[in-house]
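The chain contents come next:
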Amino acid sequence: MAEAAPGGSGGQLRPAEPASNSVLSVRGGVGGISFQLEELDMGARELETLAGDLAAVELGIYSVWESLGSYQRDDPASGAEALTAVWDGRHSVAAVRDELERLAGDVRACQLGYSAAEMASMLKTQLNLDSPWLAVRQFIDLGLSGDGRPNRDTTEAIASSDRLAAGIALAAVLGVRLSPLDAAVKMVLASGMAGSSVPALARMLLDRVLPELRPRPVRALKEDSADIALDASPAGLLARAGEVEEAGPGQIEVIQTTTGGRDAFIVIIPGTQPGNTGGPNPFDEAGIGEAFGYGSEYTAGAIRAALHEAGAEAGDQVVAVGYSQGGIHAMNLSQDKAFLAEYNLRYVLTAGSPVGAINPAPGVSSLHLEHRQDWVPGSEGLPNPDTRDRVTVTLNGVVRTPPGEDAGLGPGHRLTNYEAGARAVAASPDPSLVASAVVLAGVVGAGGTAKATRFQLVRAPKPPVSVVQPPLPGPGRIIFPVVGGRPAVVGGGPGGVVSGGQPAGGPPAGGPSVSGGGRREADQPQGK
């Protein structure tokens with residue numbers, strides 16, 4: 001544990017503050033507050049255990065002293081002096097025990113004090129008591145960047161405090177109108193769904209409001225393979241994500257590398273590729289809905305199949321890398337039971353991805369890059385947890401959209417800015433980042449020659465919309481020429497139509513009627 005006041009310095013023992021400067025801020029990992037508090041708790045427990053052991057020794061010495069009581073009248077060299085020595089030994093042990101108990105109490109008080117402060121900070125955020133600070137930070141960001149979008153912290157606070165605001169954030173991410181989101185918000189409120197608003201909204205939206213965008217099976221079609229010079233640093237892996245995105249819609253890449261005589265595989269997943277929503281490209285806007293609301297169910301299966309086609313065997317180590325939407329898919333692999341049952345996912349790298357609600361399985365390390373001006377990572381409404389294996393880096397440098405270029409989702413969300421941030425991460429001496437880099441290098445090595453295989457992921461076509469056919473005439477019925485815009489049927493078969501065009505036993509004349517093709521109501525969307 002990093003100590004702000006090392007033992008023996010005379011200062012108060014307290015956790016070291018996370019690294020923060022004008023370039024980046026680090027949260028989580030071995031230098032994070034949560035892990036340090038865990039170590040304080042473990043240290044207090046060990047000191048308490050040692051104190052308990054010494055108490056048992058002290059009791060044993062006292063028993064020895066009592067048993068020697070009958071010899072106190074013997075020769076002083078063999079009686080009284082022996083009793084005195086045992087008694088002094090007991091006092092020495094008691095003194096050490098008292099000191100251990102004092103140290104254990106100090107460490108425990110430190111741990112409880114900082115835990116209470118951390119809980120108070122979280123409560124302040126949940127109750128929106130930090131809104132004035134967020135407003136000032138937002139105003140500063142708007143002034144520095146000249147960009148009209150909210151920053152990450154403001155987006156996160158708004159999305160976490162109100163489901164309607166979360167729906168607006170989801171609408172911006174998915175690129176859909178607010179009216180379907182409004183319906184989904186009402187359904188979520190009525191159902192009492194718990195948890196993060198955005199995943200619940202995404203599932204309700206696609207299940208109930210826009211079923212034509214519901215996730216469908218995805219296939220992985222193998223394309224070409226080639227040897228590459230691999231830069232296995234976070235910046236190099238994000239650069240590969242940019243190359244994959246430029247290769248065309250729906251592409252992913254599987255890189256096979258060998259370290260220490262053992263194969264490892266890197267999966268590169270691109271960001272959102274807008275256009276033809278709900279079409280064959282699984283990384284379109286509807287893919288965000290699958291990632292948020294369905295745990296990347298079909299995309300994860302396609303990635304698993306691609307790994308198998310690329311030569312990965314059961315138990316092989318895997319690193320998943322994703323930008324924006326791709327980062328959500330990458331993190332979903334860390335909690336996908338089918339994927340983890342087949343492959344040993346060791347590390348996940350994301351950039352500009354809202355992944356706070358995803359809890360990876362034990363043993364999976366992750367590094368998340370988020371820019372202060374990028375609202376997308378905050379759109380889920382949840383910060384990334386601060387744990388030993390999970391490090392979040394906030395990039396603080398002011399960025400702007402280059403003149404003449406499309407702003408897209410804002411300058412903070414540009415992949416090139418995240419690549420630059422990743423290079424700063426590699427140069428940082430922060431203990432959490434150093435430990436994270438060691439884990440990544442332990443899986444994929446330092447880079448060099450590797451084999452890259454491209455795959456085209458294709459979403460299955462939409463199922464055909466069933467068309468209700470008009471009923472055939474029953475036995476004995478006669479179809480007369482059209483009367484009043486419809487066939488006039490007379491007859492006694494079940495479901496027959498009387499000569500006014502109304503079903504037998506149906507609504508009275510002047511009531512609503514349905515055409516033979518099952519005409520949709522005016523307020524119902526047309527199926528696709």
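A. Seen up close, the overall build of the protein chain. Within the protein chain one finds 14 helices and 11 strands. Per-residue burial over the protein chain gives 44% buried out of 528 residues. Long-range pairs, those at least 24 residues apart, make up 72% of the contacts in the protein chain between residues at least 6 apart in sequence. As displayed, the protein chain offers around 25800 Å² of accessible surface, 58% of which is attributable to carbon and sulfur atoms.

B. Structural view of empty space enclosed by the protein. Taken as a whole and judged by the stated rule, the model has three cavities of 30 Å³ or more. What the largest cavity holds in volume is close to 50 Å³. For the lining of the largest cavity, the element with the highest residue contribution is helix H9 (residues 285-294), accounting for three residues.

C. Looking closely at unusual backbone geometry. The backbone phi angle of serine 296 is positive, close to 55 degrees, even though this residue is not glycine. Within the secondary structure, serine 296 is located in the loop between H9 and helix H10 (297-309). For serine 296, a relative accessible area of 0% puts it in the buried group. Although it is not a glycine, serine 324 adopts a positive phi angle of roughly 55 degrees. Accessibility expressed as a relative area gives 7% for serine 324, which makes it buried.

D. Seen up close, helix H14 (residues 431-444). For H14, with 14 residues, the first-to-last C-alpha span of 20 Å sits near the 20 Å given by 1.5 Å per residue. Turning to H14, its buried residues are Ser432, Leu433, Ser436, Leu440, Val443 and Val444. Each buried residue of H14 lies within a common arc of 95 degrees when the element is viewed along its axis, so the set occupies one face. Positive backbone phi, at 75 degrees, marks glycine 445, one or two positions downstream of H14.

E. Quick peek at the confidence of the model for the protein chain. Mean pLDDT for the protein chain: 77, with 67% of residues reaching 70 or above. Counted against residues more than four places away or in other chains, residues 477-528, with its pLDDT under 50, gives 57 contacts.

F. A look at the pairing of strand E3 (residues 251-259). The buried count for E3 comes to seven of nine residues, which makes it a mostly enclosed element. Relative to strand E9 (residues 448-459), E3 runs antiparallel, the two sharing six bridges. Its bridge partner being in E9, valine 254 is matched across the sheet by threonine 453. Bridge analysis of E3 against strand E4 (residues 262-269) gives seven bridges, and the strand direction is antiparallel. Bridging from a neighbouring strand, threonine 258 pairs with aspartate 263 of E4. Remark: two residues form the turn of the hairpin made by E3 and E4, two consecutive strands paired antiparallel; glycine 260 in that turn has positive phi of roughly 60 degrees.

G. Representation of the environment of leucine 415 within the structure. Residue position: leucine 415 is located in helix H13 (residues 415-427). Those residues in contact with leucine 415, other than ones at most four positions away along the chain, are Leu238, Ala241, Gly242 and Tyr323.

H. Summary view of the sheet that holds strand E1 (residues 24-28). Pairing within the open sheet is mixed, and its nine strands lie in the order E1-E8-E7-E6-E5-E4-E3-E9-E2. Both outer strands of the open sheet, E1 and strand E2 (218-230), are each paired with one neighbouring strand and no more. Taking each pair of neighbouring strands and ignoring which way they run, the sheet shows an average axis angle of 20 degrees. Inspection of the sheet shows E2 paired to E9 by 11 bridges, in the antiparallel sense. Across the sheet, residue isoleucine 228 finds its bridge partner in E9, namely alanine 450. Packed onto the sheet, H14 meets E1, E3, E4, strand E5 (317-323), strand E6 (344-351), strand E7 (365-371) and strand E8 (390-395) and runs at close to 125 degrees relative to E6.

Rules behind the numbers
Residues numbered from 1 in each chain as written. Predicted model: local features only at pLDDT ≥ 70, side-chain atom pairs only at ≥ 80, totals over all residues. Heavy atoms only, no water. Helix = DSSP H or I, 4+ residues; strand = E, 2+ residues; numbered from the N terminus. Buried < 20%, exposed > 50% of the residue type's maximum accessible area, 1.4 Å probe, protein only. Contact = heavy atoms within 4.5 Å. Areas by Shrake-Rupley, 256 points an atom, 1.4 Å probe, with all protein chains shown as cover. 1 Å grid on protein atoms, 1.4 Å probe; cavity = no way out; pocket = protein on both sides within 12 Å on 5 of 7 lines; lining within 4 Å. Points joined across faces, edges and corners; volume = space filled by probe spheres on them. Expected span 1.5 Å × (residues − 1). Arc of directions from axis to C-beta. pLDDT = per-residue confidence, 0-100. Pairing = 2+ DSSP bridges. Axes fitted to C-alpha atoms, helices over the stretch in contact; angles between N-to-C directions.

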